[in-house]
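Summary of structural features
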Number of protein chains: 2
Amino acid sequence: MSKNSQVQKKKILSDFAAKVRNRRNALGLTQEELAEKANCHVNYIGGIERATRNPSLTIIISIAKALEVPSKELMPN
Amino acid sequence: MSKNSQVQKKKILSDFAAKVRNRRNALGLTQEELAEKANCHVNYIGGIERATRNPSLTIIISIAKALEVPSKELMPN
């Protein structure tokens, strides 16, 4: 992977991380509570919010449901 | 994974598959041409369109760019 595409990948993951964190905080949920609602491990939510995890489509949908938003709202503009 | 969540997963992947195929056809692209534009392997595009692949966030973004649509348009309603 080129340096340029690594930078793009990091930006995509960071944008997603910020949307998840902001929405989670707006709902007043801890990472543990979000993980339980989304049926995934708290370490996975931590990885998402640190932009170190590249979530799959089905995980994005699970997280969006747990955050009570359409999945479109978590995607980049 | 429960049978119910497997059914949900299949539905998510099938919906995504249909959106990718419809948009690819609307652009008059072959799977090979889309794969080249999205910088991924043609077998991967085939797997997406057969709903056997669960693409990551960064792959969704690459495919959306190659299909010249916002990534939101490929997500479920």
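Throughout what follows, the structure given in this document is the object of discussion.

Mapping chain A onto chain B calls for a rotation angle of 180 degrees and an axial translation of 0.0 Å; the resulting RMSD is 0.0 Å. Put plainly, the chains are arranged around a two-fold axis. Residue Ser56 of chain A of chain A places its C-alpha closer to the rotation axis than any other residue of that unit, at 2.0 Å. Taken as a fraction of all interface residues of chain A, those also at the interface in chain B reach 100%, which identifies the copy contact as same-surface.

Turning next to the environment of Ile59 of chain A. For Ile59 of chain A, the location among the structural elements is in helix α4 (residues 57-66). The sequence separation of Ile59 of chain A and Ser71 of chain A amounts to 12 residues, and the corresponding C-alpha distance is 10 Å.

Taken residue by residue, the interface counts 15 residues in chain A and 15 residues in chain B. For the side of chain A that touches chain B, the secondary-structure elements that each account for two or more residues are α1 (3-26) and α4 of chain A. When the residues that make up the side of chain A that touches chain B are grouped by side-chain class, the tally is 9 nonpolar, 4 polar and 2 charged.

Right, let's get into the nonpolar core. Of all hydrophobic cores here, the largest spans 36 residues; its most connected members are Leu57, Ile60 and Ile63 of chain A together with Leu57, Ile60 and Ile63 of chain B. Counting residues per element, the ones that place at least two in this core are α1, α2 (31-38), α3 (42-49) and α4 of chain A together with α1 (3-27), α2 (31-38), α3 (42-49) and α4 (57-66) of chain B. Discounting residues that sit within four places of it in the chain, Leu57 of chain A has contacts with Ile12, Leu13, Phe16, Asn54, Pro55 and Ile60 of chain B.

Turning next to α2 of chain A. Residue and element names in this part refer to chain A. Listed in full, the buried residues belonging to α2 are Leu34, Ala35 and Ala38. Taken around the axis of α2, the buried residues stretch over an arc of 100 degrees, which confines them to a single face. Looking at the buried side of α2, the elements it contacts are α1, α3 and α4.

Bringing unusual backbone geometry into the picture now. All names here are of chain A. One non-glycine residue with positive phi stands out, namely Asn39, at about 60 degrees. Inspection of the secondary structure puts Asn39 in the loop between α2 and α3. Taking the number of C-beta atoms within 10 Å as the measure of exposure, Asn39 has 14 and is therefore partly exposed.

What follows covers the packing of α2 of chain A against α4 of chain A. All names here are of chain A. Relative orientation of the contacting elements α2 and α4 amounts to 115 degrees, with a least axis distance of 8 Å. In the packing of α2 onto α4, the handedness of the crossing is right-handed. Listed contacts from α4 to Leu34, Lys37 and Ala38 of α2 are Ser62, Ile63 and Ala66. Among the residues forming the contact of α2 with α4, the class breakdown is 4 nonpolar, 1 polar and 1 charged.

All right, on to the environment of Ala51 of chain A then. Residues and elements named next belong to chain A. Note that Ala51 resides in the loop between α3 and α4. Sequence-wise, Ala51 and Ala17 are 34 residues apart; in three dimensions their C-alpha atoms are separated by 5.6 Å. Contact partners of Ala51, with chain neighbours within four places excluded, come to Lys10, Leu13, Ser14 and Ala17.

Calculation criteria
- Numbering of residues begins from 1 in every chain and follows the order in which that chain's sequence is written.
- Starting at A for chains and at 1 for ligands, labels are handed out in the order in which the entities are written.
- Where local features are concerned, this predicted model is filtered to residues with pLDDT of at least 70; where side-chain atom pairs are given and counted, the filter is 80 or more; whole-chain, interface and lining totals use all residues.
- What sets the superposition is a least-squares fit of C-alpha atoms, and only residues with pLDDT of at least 70 in both copies go into it.
- In this description, any two residues whose backbone-derived C-beta atoms lie within 7 Å of each other are considered to be in contact.
- Helix and strand assignments follow DSSP, with helices taken as H or I runs no shorter than four residues and strands as E runs no shorter than two, numbered in order from the N terminus.
- All amino acids are sorted into three groups, where Ala, Val, Leu, Ile, Met, Phe, Trp, Tyr, Cys and Pro are nonpolar, Asp, Glu, Lys and Arg are charged, and the leftover types, Gly among them, are polar.
- Only buried Ala, Val, Leu, Ile, Met, Phe, Trp, Tyr and Cys residues enter a nonpolar core, and they are joined through C-beta atoms within 7 Å.
- Counting other C-beta atoms within 10 Å of its own, a residue is labelled buried from 20 upward, exposed at 12 or fewer, and partly exposed in the gap between, with every C-beta atom placed from the backbone.
- What the arc describes is the spread of directions from the helix axis to the C-beta atoms.
- Each axis is a line fitted through C-alpha atoms, and for a helix only the stretch in contact is used; angles between axes span 0 to 180 degrees, taken between their N-to-C directions.
- Crossings are sorted by hand: turned counterclockwise from the far helix by less than a right angle, the near helix makes the crossing left-handed, and turned clockwise it makes it right-handed.

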